Amino acid sequence: MKQKEEKEQEFAFIKEKIKDKPVDKRRLLVRFGYHVLCAAVFGAVACVVFVWLKPYLEGWFYPKGESTISIPKDDDPQEETEDGEEEAKEPTPVLTPTPVPESQTVVMQEKLELEDYQELQDKLYEIGKGANKSVVTVTGVTSGVDWFDTPYENENSAAGIVIANNGRELLILTEKKVIADAQEISITFINETVVSASLKKYDGNTGIAIISVPLEKVPQETMDQIAVASLGNSYLIQQGTAVLAIGSPLGVNYSILCGTITSSQNEVTTIDRNYTIFTTDIVGSENGSGVLINLKGEIIGLVLQDYSNQSDRNTITALSVSEMKQMIEDLSNGRDMPYVGLRLSTATEDIAKEFHIPKGVYVKGVELDSPAMAAGLQEADVIVRINGEEVATVEQYSQKIYALNPEDAVVISIKRQNGEEYVDMDCSAAAGVLK
């Protein structure tokens, strides 16, 4: 009997139904909120850490040295000292040729043929073709709506020169007027590849601009076909030097023109700086652009027809590239060009005696709304010191101004005519940026 009861109890236990534990919704909600809070805190901490580490990561993966352009500068063999006199140079030794006995003298005469002239032309054009690898077409697109609410789109194009590759972008030299007010800028390479670009910096004085093209936008096939231009020493250029004009000297890109330098001693006056200007016998377009290269394929002049005389608009005119290398380097590195706003000439000792003016830097003109005008500088003033340091030439003045940063204060000491004598004055100005 007892065994039967135990079996019934065992059977009843086996048949017992086990119910699920009820869900605690409040506890579940609290746990969910806890996980969301942890995720939010983790995300905030990660964001703060990333922002803090970003400058260091950029420094590791993109070192500043890789993106800084450095252009070697040239020494002017005729650069004057602070006294205005040429530096003394060691005399060049004269080599006396050893006379050759008449019996050993051999005279060879060879008649040149037309084929020889053609061969020379072919060699010149080979130099131009090699330099054309660094030539591109810069196009600026401007759009808007006219008086009749009709949309329009204009394109301006000119030659550009690839002057640097800083490991992150290609830097292209061109004229600012091509892309003035442009909403879009594009670059067409020698293999017809077209990529978008952006303006990096420009000089409001000369109108030179640097265009940036990110390397990731340029196909490797294009990179294999282009080349970075080499900047030569234009201080060595003399009258009669053979040169080539490339870019679009005739208004058509990739043109190659040959000729010679007809003048290398003229200067053009710009704001705060004077530049040597090269004239050539190369017939070009009034709207031509590009560069002059020597027989090594190196750039020695920037074709800027705006600086040519009205009578010389049909021939190619260029500014000396050696005098612009520092500016090109600074624009490539994103630096603004400082300016004060004066047009100047050097009053040498001879000029000072002839015109009865002090020796120094003569002010030919003052730009409207410039820092110089705000400082009270006037035409016919003679600058003798910049920030207490003497200046005797326009070149020395330009170096002092160029070393400033925009908004830097500068004290310009002048001599101003007062009746029959000159009085000393100090004018305080703040360097600006010419737009």
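Student: Give me the lowdown on the overall build of the protein chain, citing residues and values where you can.
Tutor: Each helix and strand counted, the protein chain has 9 helices and 20 strands in total. Here the protein chain, with 435 residues, has 38% of them falling under the buried criterion. Of the contacts formed within the protein chain by residues at least 6 apart in sequence, a portion of 61% connects residues at least 24 apart. Entry remark: accessible area of the protein chain is about 27500 Å², with carbon and sulfur atoms responsible for 52%.

Student: Which residues make up the packing of aromatic side chains, and what are the values?
Tutor: Enumeration according to the criterion identifies 0 aromatic pairs in this entry. The ring of Tyr-202 has Lys-176 lying over it, and the distance from NZ or CZ to the ring centre is 4.6 Å. Its end group placed over the ring of Tyr-402, Arg-335 keeps NZ or CZ at 5.2 Å from the ring centre.

Student: Describe helix α6 (residues 325–332), listing the residues and the values that go with them.
Tutor: One turn of an α-helix holds 3.6 residues; hence residues three or four places apart share an orientation. The element α6 is largely enclosed, with a buried count of 7 among its 8 residues. Looking only at α6, the buried set comprises Lys-325, Met-327, Ile-328, Glu-329, Asp-330, Leu-331 and Ser-332. One or two positions beyond α6, positive phi appears at Gly-334, with a value near 80°.

Student: Can you explain the side chain of Thr-279? Please cite residues and give values.
Tutor: As for its placement among the helices and strands, Thr-279 is situated in strand β9 (residues 273–283). Among the residues examined, Thr-279 registers a relative accessible area of 13% and is labelled buried.

Student: Quick one: what's the story with a nonpolar patch on the surface, residue by residue and with numbers?
Tutor: A contiguous nonpolar surface patch, about 340 Å² in accessible area, is contributed by Leu-29, Phe-32 and Val-36. Among the secondary structure elements, Leu-29 is positioned in helix α2 (residues 25–61).

Student: Can you tell me about the pairing of strand β4 (residues 184–188), naming the residues and giving the values?
Tutor: For β4, a buried count of 4 out of 5 residues is recorded, marking the element as mostly surrounded by other parts of the structure. Bridging between strand β1 (residues 135–145) and β4 involves 5 bridges; their strand directions are antiparallel. Paired with Gly-140 across the bridge in β4 is Ile-185. Across 4 bridges, β4 lies against strand β5 (residues 194–202) in antiparallel orientation. Counterpart to Thr-188 in the pairing with β5 is Val-194. Remark: 5 residues form the turn of the hairpin made by β4 and β5, two consecutive strands paired antiparallel; Glu-192 in that turn has positive phi of roughly 75°.

Student: A description of the environment of Gly-432 should follow, citing residues and the corresponding values.
Tutor: Assignment of secondary structure puts Gly-432 in strand β20 (residues 432–433). Using a relative accessible area of 15% as the deciding quantity, one classes Gly-432 as buried. Remark: the alpha-carbon pair of Gly-432 and Val-340, spanning 92 residues in sequence, is separated by 6.4 Å. Apart from the residues within four sequence positions on either side, Gly-432 is in contact with Met-337, Pro-338, Tyr-339 and Pro-371.

Student: Got a sec to walk through the sheet that holds β5? Specific residues and values, please.
Tutor: Spatially, β1-β2-β3-β6-β5-β4 is the arrangement adopted by the 6 strands of the closed barrel, whose pairing is antiparallel. Within this sheet the neighbouring strands show an average axis-to-axis angle of 40°, counted without direction.

Student: Tell me about empty space enclosed by the protein, and please be specific about residues and values.
Tutor: Using the criterion set out here, one finds 1 cavity of 30 Å³ or more in the structure. Of the pockets and cavities examined, the largest cavity occupies roughly 110 Å³. As for the largest cavity, its lining consists of 13 residues, of which Ala-159, Leu-173, Thr-174, Glu-175 and Gly-290 are closest to the centre. Going through the elements one at a time, β2 (151–165), β3 (169–175), β10 (289–293) and β11 (299–304) are the ones with two or more residues in the lining of the largest cavity.

Student: How would you summarise the confidence of the model for the protein chain if you had to cite specific residues and measurements?
Tutor: When pLDDT drops low, the exact placement of atoms in the prediction is not to be read closely. Residues at a pLDDT of 70 or more form 80% of the protein chain, whose mean pLDDT is 84. For the stretch residues 62–66, pLDDT sits under 50, and the model shows 5 contacts to residues farther than four places along the chain or on other chains. Overall, residues 80–95 carries pLDDT values under 50, and its contacts beyond four positions in sequence, including any with other chains, amount to 9 contacts.

Student: Quick rundown of the side chain of Arg-416? Include the residues and the values.
Tutor: Relative to the assigned elements, Arg-416 resides in strand β18 (residues 409–418). Accessibility expressed as a relative area gives 14% for Arg-416, which makes it buried. Here Asp-381 takes part through its side chain, which lies 2.9 Å from a polar atom of the side chain of Arg-416. With sequence-adjacent residues up to four places away left out, Arg-416 is seen in contact with Gly-376, Leu-377, Gln-378, Asp-381, Glu-421, Tyr-422, Val-423 and Met-425.

Student: Could you give an account of the sheet that holds β10, naming the residues involved and the relevant values?
Tutor: Pairing between sheet strands relies on hydrogen bonds along the backbone, with the strands arranged either parallel or antiparallel. The 6 strands lie next to each other as β7-β8-β9-β12-β11-β10, forming a closed barrel whose pairing is antiparallel. Strand-to-strand twist of the sheet, defined as the mean angle between neighbouring strand axes without regard to direction, takes the value 40°.

Student: Tell me about a negative patch on the surface, residues and numbers included.
Tutor: Among the surface-exposed residues, Glu-110, Glu-113, Glu-115 and Asp-116 lie close enough to one another that they form a single negatively charged patch. Under the relative-accessibility criterion, Glu-115 is labelled exposed at 57%.

Student: Lay out the pattern of salt bridges in plain terms, naming residues and giving numbers.
Tutor: All told, the structure shown has 13 salt bridges when counted by the stated rule. Here Asp-336 makes a salt bridge to Lys-201, at a shortest N to O gap of 2.7 Å. Note that Asp-336 is positioned in the loop between α6 and β13 (338–339) and Lys-201 in strand β5, a separation of 135 residues in sequence.

So, how was this worked out
Residues numbered from 1 in each chain as written. Predicted model: local features only at pLDDT ≥ 70, side-chain atom pairs only at ≥ 80, totals over all residues. Heavy atoms only, no water. Helix = DSSP H or I, 4+ residues; strand = E, 2+ residues; numbered from the N terminus. Buried < 20%, exposed > 50% of the residue type's maximum accessible area, 1.4 Å probe, protein only. Contact = heavy atoms within 4.5 Å. Areas by Shrake-Rupley, 256 points an atom, 1.4 Å probe, with all protein chains shown as cover. Phe/Tyr/Trp six-rings, centres within 6.5 Å; stacked < 30°, edge-to-face > 60°. Lys NZ or Arg CZ within 6 Å of the ring centre and 35° of its normal. Patch = residues over 30% accessible without salt bridge, like charges linked within 9 Å, V, L, I, M, F, W, Y side chains within 5 Å. Salt bridge = Lys/Arg side-chain N within 4 Å of Asp/Glu carboxyl O. Pairing = 2+ DSSP bridges. Axes fitted to C-alpha atoms, helices over the stretch in contact; angles between N-to-C directions. 1 Å grid on protein atoms, 1.4 Å probe; cavity = no way out; pocket = protein on both sides within 12 Å on 5 of 7 lines; lining within 4 Å. Points joined across faces, edges and corners; volume = space filled by probe spheres on them. pLDDT = per-residue confidence, 0-100. Polar contact = N/O pair within 3.5 Å; in protein donor to acceptor, adjacent residues only side chain to side chain. Lys, Arg positive; Asp, Glu negative; His and termini not counted. Charge placed at Lys NZ, Arg CZ, Asp CG, Glu CD.

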